[in-house]
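Spelled out from the first residue to the last, the chains are:
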Amino acid sequence: MEASGLEARGPWEDAAVSGFAIDHRKVAPGTVFGAFKGARFNAEQFIPQAIEAGAIAVVASPEARIEGAAHVASDQPRRAFAQLAARFFEPVPEAVVAVTGTNGKTSTVEMTRQIWRMCGLSAASIGTLGVTTPDGSVSTGLTTPDIVTFLANMAGLAREGVTHVAYEASSHGLAQYRSEGPTLAAAAFTNFSRDHLDYHGTMDAYFEAKMRLFTDIAQPGSPAVIFDGGRDPVWIPQAIERASARGLDVRTVGERGKFLRLTAREATQLGQVLTVEFEGSARTVNLPLIGQYQAANALVAAGLALSTGCGAGQVFDALGRLQPVRGRLERAAITPAGAPVYVDYAHTPDALEAAIEALHGHVDDARGGRLAVVFGAGGDRDPGKRAPMGAVAARTAGRVIVTDDNPRGEDPAAIRAAILDGARGAGGAAEIVEVAGRRDAIAQAIGGAGEHDIVLVAGKGHEQGQIMGAGADMRILPFDDVEAVRECAAATGQDPGR
């Protein structure tokens, strides 16, 4: 295997490569080892152990000291490693699409997979929920797994006969070159709002990470599906401009969409009726999912399916048969009083507002109904979004219960205090309550919900654990919002499956 134009110090050409690894403990004879410097961890210190285990080449910075193996030197070793690994892991599915954006990635890739499946294709998705195949789901634990796992998953799916794969391209994954490799049949951008500033630092840097999907990974001439709902006058136009400058085939969807336009949306008891225009014809879609943002995700998924060869009739028929995505406005139970309880992954101000807005149309205001929201914020993550989340909830919900999310290494009370400051300073009419234990907060919301109310439990969605502590003291306690909701409902004497 050649070094693809990279500087290689030591024997390299025609080497018998057996695999790739970024963990020295997974190195076997013939492995190419990636030694990267991170914010908290420097893998270069484990180069001797990797070579002793059989590494024949090490991809690292030019300054790294390497003896006994080829040194593939690069100022961007993560990218160099990804480029080399992509040539090793074969075959790959014939149609691969990637979705980026702040919110909606998980729902969009899962909806795309469902549409493909209903069009008769063998399809899979990779992302926060794991690897979902025609036969089941296996959790990976990361929105975008490490590059070796990602490429190995792709090759494994292809060998199993999967022809179409949709994957989430997170900002972390894009910035760390964990989404390189397969040629994309299409790329998509859902939306952009504040998140992950603890890692990226600024909104501009965060946006630049997202844009790598268009500027570096998608190939000129390939479709770029972008949601344009007309509510974002800043970032969406920039995304369209970046995609156009790259020479991508820009296909906007949404209220301002030129490829697929949403002309009307009417909420129903269990979903919504969409009127869309495609290729000059109007079509009616009975989408069995509630909320404007669910409609947005469905339209992006439809755009990807249409852009990868699916027929319009099949795609629009499939939209009417989409199944809810785990932890995304998932109705978990109905309280003894008759109030539905929904669980959602919303953990940013924008996503929380969208989830509340989605449920507002189903609250019986005429009979005194109100929406109660239970949420917190993660520790060791962007602290600047905590007060805005509190403010959004106080302005838009009728009852706000601030609790713990994943405190990690921070003081949970301090996190709650920051949220409460934002909530109490927002000037809304909501009742604001602080309940430390998440299960206790859920129980209080359920116990206080009347028959015309709705309860939203936000922040963790599909997650199966609650992260407490950091470093050597970190513990992951079993916790599932959906199970907690059902157990709390059952404890009041009502069958939660009603």
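Scroll up a little and you will see the structure.
A brief structural summary. (Residues numbered from 1 in each chain as written. Predicted model: local features only at pLDDT ≥ 70, side-chain atom pairs only at ≥ 80, totals over all residues. Heavy atoms only, no water.)

### Topic: unusual backbone geometry
With omega at -5°, the peptide bond leading from E90 into P91 counts as cis. Looking at the element boundaries, P91 is found in the loop between α2 (77-88) and β6 (95-100). A positive phi angle is found at D380, which is not glycine, with a value near 60°. Residue position: D380 is located in the loop between β19 (371-375) and α12 (386-396). The exposure class assigned to D380 is partly exposed, which follows from its relative accessible area of 30%. Notably, R408 is not glycine yet its phi reads approximately 50°, a positive angle. Within the element layout of this structure, R408 appears in the loop between β20 (399-402) and α13 (412-424). (Helix = DSSP H or I, 4+ residues; strand = E, 2+ residues; numbered from the N terminus. Buried < 20%, exposed > 50% of the residue type's maximum accessible area, 1.4 Å probe, protein only.)

### Section: helix α15 (residues 481-491)
Taken together, the buried positions of α15 are occupied by D481, V482, A484, V485, C488 and A489. In a view along the axis of α15, the buried residues occupy a sector of 165°, so they form one face of it. Buried-residue contacts for α15 involve β17 (330-334), β18 (340-344), α14 (438-447) and β22 (454-458). For α15, the N-terminal cap is D480; the gap from its side-chain oxygen to the backbone nitrogen of V482 is 2.8 Å. (Arc of directions from axis to C-beta. Contact = heavy atoms within 4.5 Å. Polar contact = N/O pair within 3.5 Å; in protein donor to acceptor, adjacent residues only side chain to side chain.)

### A look at the packing of helix α11 (residues 349-360) against α12
Remark: α11 packs on α12, axes separated minimally by 9 Å, with the N-to-C direction vectors making an angle of 15°. Relative to α12, the element α11 lies roughly parallel. Once α11 is placed against α12, the crossing between them reads as right-handed. Across from P349, L352, E353, I356 and H360 in α11, the residues of α12 making contact are P388, M389, V392, A393 and T396. Residue classes in the contact of α11 with α12 are distributed as 7 nonpolar, 2 polar and 1 charged. (Axes fitted to C-alpha atoms, helices over the stretch in contact; angles between N-to-C directions. Parallel < 35°, antiparallel > 145°, perpendicular 65-115°, else oblique. Left-handed = near helix turned anticlockwise from the far one by under 90°. Nonpolar A, V, L, I, M, F, W, Y, C, P; charged D, E, K, R; others polar.)

### A short note on the pattern of salt bridges
Following the criterion strictly, the structure yields 20 salt bridges and no others. One salt bridge connects E110 with R113, and the closest N-O pair in it is separated by 2.8 Å. Placement of the pair is E110 and R113 together in helix α3 (residues 105-118), with a separation of 3 residues, close to one helical turn. According to the relative accessible area criterion, E110 is buried, its value standing at 10%. Here E410 makes a salt bridge to R386, at a shortest N to O gap of 2.7 Å. Here R386 lies in helix α12 and E410 lies in the loop between β20 and α13, a separation of 24 residues in the sequence. (Salt bridge = Lys/Arg side-chain N within 4 Å of Asp/Glu carboxyl O.)

### Overview of the pairing of strand β7 (residues 123-127)
Within β7, 5 of the 5 residues are buried, which leaves the element mostly enclosed by the surrounding structure. Of the two faces of β7, the one holding A123, S125 and G127 and the one holding A124 and I126 are both buried throughout. Note that β7 and strand β10 (residues 164-168) share 4 bridges and pair parallel. Across the sheet, A123 pairs through a bridge with H164, a residue of β10. Where β7 and strand β8 (residues 130-133) come together, 3 bridges link them in antiparallel fashion. What sits directly across from G127, in β8, is G130. Here β7 hands over to β8 after 2 residues, the two strands then running antiparallel side by side. (Pairing = 2+ DSSP bridges.)

### Thoughts on helix α7 (residues 203-217)
The end-to-end C-alpha distance of α7 is 21 Å, a good match for the 21 Å that 15 residues give at a rise of 1.5 Å each. At M211, α7 is deflected by roughly 45°, the largest bend along its length. Those residues of α7 that fall on the buried side of the exposure criterion are Y206, F207, A209, K210, M211, R212, L213, F214 and I217. (Expected span 1.5 Å × (residues − 1). Bend = angle between axes of the 7 residues up to and from the residue.)

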